Amino acid sequence: MGMMEQFVSAARDGVERRRSEVPLEELEGQIEHDEDGHRPFNETLTRPGLSLIGEFKRRSPSAGTIRE
């Protein structure tokens, strides 16, 4: 198994372990939103613990249109 496969395998194992430790419903209940239903960007960057910043992309420079 190559190094990349080892990284992917370890990441998948970690995700499965965390899924079993904290149910999805509990995680969803922990999400705080502002009055528009969004989380403040600055708070996401400065808050302790794990933060996730996501992006919706309609196009990719290499793949073209992903989804209309």
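Residues numbered from 1 in each chain as written. Predicted model: local features only at pLDDT ≥ 70, side-chain atom pairs only at ≥ 80, totals over all residues. Heavy atoms only, no water.

Looking at the overall build of the protein
Tallying secondary structure elements over the protein gives three helices and two strands in all. Helices (α) and strands (β) of the protein occur, in sequence order from the N terminus, as α-α-α-β-β. (Helix = DSSP H or I, 4+ residues; strand = E, 2+ residues; numbered from the N terminus.)

Topic: a nonpolar patch on the surface
Side chains of Met3, Met4, Phe7 and Val8 sit close together on the surface and give an oily, nonpolar patch of about 440 Å² of accessible area. With respect to the helices and strands, Val8 occurs in helix H1 (residues 3-21). With relative accessibility at 34%, the residue Val8 sits in the partly exposed group. (Patch = residues over 30% accessible without salt bridge, like charges linked within 9 Å, V, L, I, M, F, W, Y side chains within 5 Å. Areas by Shrake-Rupley, 256 points an atom, 1.4 Å probe, with all protein chains shown as cover. Salt bridge = Lys/Arg side-chain N within 4 Å of Asp/Glu carboxyl O. Buried < 20%, exposed > 50% of the residue type's maximum accessible area, 1.4 Å probe, protein only.)

Here's the deal with the pattern of salt bridges
Across all of its chains, the model carries two salt bridges by this definition. Measuring nitrogen to oxygen at the nearest pair gives 3.1 Å for the salt bridge that ties Glu16 to Arg19. Residue Glu16 and its partner Arg19 are both found in helix H1; the two are separated by three residues, about one turn of the helix. A salt bridge links Glu21 to Arg17; the shortest N-O distance between them is 3.3 Å. Separated by four residues within a single helix, Glu21 and Arg17 lie in helix H1, roughly one turn from each other. Among the residues examined, Arg17 registers a relative accessible area of 45% and is labelled partly exposed.

With respect to the confidence of the model for the protein
For any part of a model where pLDDT is low, the fine detail of the predicted coordinates should not be relied upon. Considering every residue of the protein, the mean pLDDT works out to 80; 87% of them sit at 70 or more. Least confident of the elements in the protein is helix H3 (residues 41-46), whose mean pLDDT is 76; most confident is H1, at 90. (pLDDT = per-residue confidence, 0-100.)

Concerning the environment of Arg19
Judged by its relative accessible area of 58%, Arg19 is exposed. A polar contact of 3.1 Å, which involves the side chain of Arg19, links it to the side chain of Glu16. (Polar contact = N/O pair within 3.5 Å; in protein donor to acceptor, adjacent residues only side chain to side chain.)

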